[in-house]
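# Structural features, examined
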Amino acid sequence: MEKVTSFRAHDNYVLALKFTADGRTLLSGGMDSVIKMWSAKDWSLVKSITGHKNSVHTMSMTEDEKLLATGSTDCTVKLWSLPEIDLLYTLRDRKKTVADVAFSPDGRWVAAGSYGGRVALWTRDGKPLVAFAAAKKNLNSVAFTPAGDLIAAAGLGDAITVWSLPEGEPVVKLEGHKIAVGSLRFIDNGRSLVSLGYEKAVRFWDTETWECKIEHTLHSKSQTRAVLISPDEKQAAISMESMVQLWQIDPWQLQAEIPVATKSVSSMTYAADGRQIAIGGADRKIRIWLLD
C-alpha cells in the first residue's frame, strides 16, 4: 500500500468523490458548493463547475457514465451530462437537505434521500416518479438492489427501511443499530445488505429472511462514519475521524489502516479496478492511495 499524492481540492470539506470507470478521471464535490473534475494522470484540475447554491453532499453516476447526479444542502438534485458536466435538470422534492443520491443499476431512475425522512425518485429525464416517507428523521443513505426492484434508506434512528419499486410499498423495517446508520450497500447480487451503525457495528442482512446473519463490532476509539465496499466485494473501507480502516470481508479481518491527518474523513471512493482509493477530508484535501 502506497500513498500516491495529496492535494488541496476545495475551499472546505470534500464531501463527495467518484472515479470514472476507466480510472482516468476523479469527480469531487465540496462544502464550497463546487463540483470539480480531476485528471488521474497528474491530478491536475480539468474543470470546475458552480451550480449548487450550497454544499454538494453526494454524487452518483449511471453505469453508462452519461449522467451525473449531485445532491445538496440547497435542497436540490441536479442531473448533469457527462463528460461535459453540463446541467440538464434541477430536481426538487421539497425544502430539505439532500443527503444522498443514487441511480438505479439500469440508469432509469435517480433516488434522493433527504432530511426529514423522505425518499424521492425521478426518471433520468427529470420526471417525478414516486416519493415515500420513512420515520421523520434525517436520512443519509439510499441504496438500490442490483435488480432495481428494492430500495433501502437509513439515517438517524435505529431503523433501515426497505421499499419495493416502482410503487414505493414498504417491504420491511430492519432494527438493531443504535442512534444512526451511516451507510448502506447491497452486495452478493442483492442477497446481502451491508450497514454501518453509529455504535461501530457492521451488519450483514440476509435479504431473503431479512435477518442479521453476521455482525462485526469495530473496536476503535474513533467514531465510525461510513462503510464503502470494494468493486470485487472482498474488502470494506471504513472511514473514521482520522483514518480509514481496510477490512477483508470473508473472513472478517483487519488488513490495513490508512492515516489521514485531519479531524474527519468526509468522503471515499474506490477506483473501478479496486487498486486505488481516494479519500476526502475536512482539511479540504484529497488523498490518493495505491492499494496492494
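Let me sum up the structure you'll find in this document.

## What to know about the overall build of the protein chain
- Scanning the protein chain for helices and strands turns up zero helices and 28 strands.
- Principal axes of the C-alpha set define a box for the protein chain whose edges measure 45 × 45 × 30 Å.
- Evaluated residue by residue, the protein chain yields a buried proportion of 57% over its 292 residues.
- Counting only contacts in the protein chain whose residues sit at least 6 apart along the sequence, the fraction spanning at least 24 positions is 39%.
- Split by element, the accessible area of the protein chain, about 12,900 Å² in all, is 46% carbon and sulfur.
- Positive and negative charge centroids in the protein chain, built from 35 and 34 side chains respectively, lie 8 Å apart.

## Some thoughts on the pattern of salt bridges
- Per the counting criterion, the structure on display carries eight salt bridges.
- The residue Arg 8 makes a salt bridge to Asp 11 at a minimum N-O spacing of 3.3 Å.
- The closest approach of N and O atoms between Arg 203 and Glu 215, which form a salt bridge, is 3.2 Å. Of this pair, Arg 203 sits in strand E20 (residues 201–206) while Glu 215 sits in strand E21 (residues 212–217); the two residues are twelve residues apart in sequence, bridging distant segments of the chain.
- Of the residues examined, Arg 203 reaches a relative accessible area of 12% and is grouped as buried.
- By relative accessible area, which is 38% here, Glu 215 ends up partly exposed.

## Re the pairing of strand E16 (residues 159–164)
- The element E16 is largely enclosed, with a buried count of six among its six residues.
- With burial as the criterion, each face of E16 is covered, one bearing Ala 159, Thr 161 and Trp 163 and the other bearing Ile 160, Val 162 and Ser 164.
- As judged from the five bridges shared by strand E15 (residues 150–155) and E16, these two strands associate in the antiparallel manner. Opposite Ala 153, over in E16, you have Thr 161 as the bridge partner.
- As judged from the five bridges shared by E16 and strand E17 (residues 170–175), these two strands associate in the antiparallel manner. If you follow Ala 159 over to E17, its bridge partner there is Glu 175.
- Connecting E16 to the antiparallel partner E17 that follows it, the hairpin turn spans five residues, and Gly 168 within it adopts a positive phi of roughly 80°.

## With respect to the sheet that holds strand E14 (residues 139–144)
- Read across the open sheet, the four strands follow the order E14-E15-E16-E17; overall the sheet is antiparallel. On the outer flanks of this sheet lie E14 and E17, each paired with one strand and no other. Geometrically, the sheet is characterised by an average inter-axis angle of 20° between neighbouring strands, direction not taken into account.
- As paired strands, E14 and E15 are joined by five bridges and run antiparallel to one another. Residue pairing for E15: Ser 141 is matched across the bridge by Ala 154.

## Digging into the sheet that holds E20
- The strand order across the open sheet built from four strands is E18-E19-E20-E21, with neighbouring strands paired in antiparallel fashion. Single-partner strands in this sheet number two, and they are strand E18 (181–187) and E21. Ignoring which end each strand starts from, the neighbouring axes of this sheet average 15° apart.
- Sheet analysis places E20 next to E21, joined by five bridges and oriented antiparallel.

## Focus on the environment of Leu 254
- Relative to the helices and strands, Leu 254 is located in strand E25 (residues 253–259).
- Relative accessible area serves as the criterion here: at 40%, Leu 254 is assigned to the partly exposed category.
- For the pair Leu 254 and Leu 218, spaced 36 residues apart in the sequence, the C-alpha separation amounts to 9.8 Å.
- Every residue in contact with Leu 254, bar those within four places of it in the chain, is listed here: Gln 245, Leu 246 and Trp 247.

Basis of the calculations
Residues numbered from 1 in each chain as written. Predicted model: local features only at pLDDT ≥ 70, side-chain atom pairs only at ≥ 80, totals over all residues. Heavy atoms only, no water. Helix = DSSP H or I, 4+ residues; strand = E, 2+ residues; numbered from the N terminus. Buried < 20%, exposed > 50% of the residue type's maximum accessible area, 1.4 Å probe, protein only. Contact = heavy atoms within 4.5 Å. Areas by Shrake-Rupley, 256 points an atom, 1.4 Å probe, with all protein chains shown as cover. Lys, Arg positive; Asp, Glu negative; His and termini not counted. Charge placed at Lys NZ, Arg CZ, Asp CG, Glu CD. Salt bridge = Lys/Arg side-chain N within 4 Å of Asp/Glu carboxyl O. Pairing = 2+ DSSP bridges. Axes fitted to C-alpha atoms, helices over the stretch in contact; angles between N-to-C directions.

Keep in mind these numbers describe shape, not what the thing actually does.
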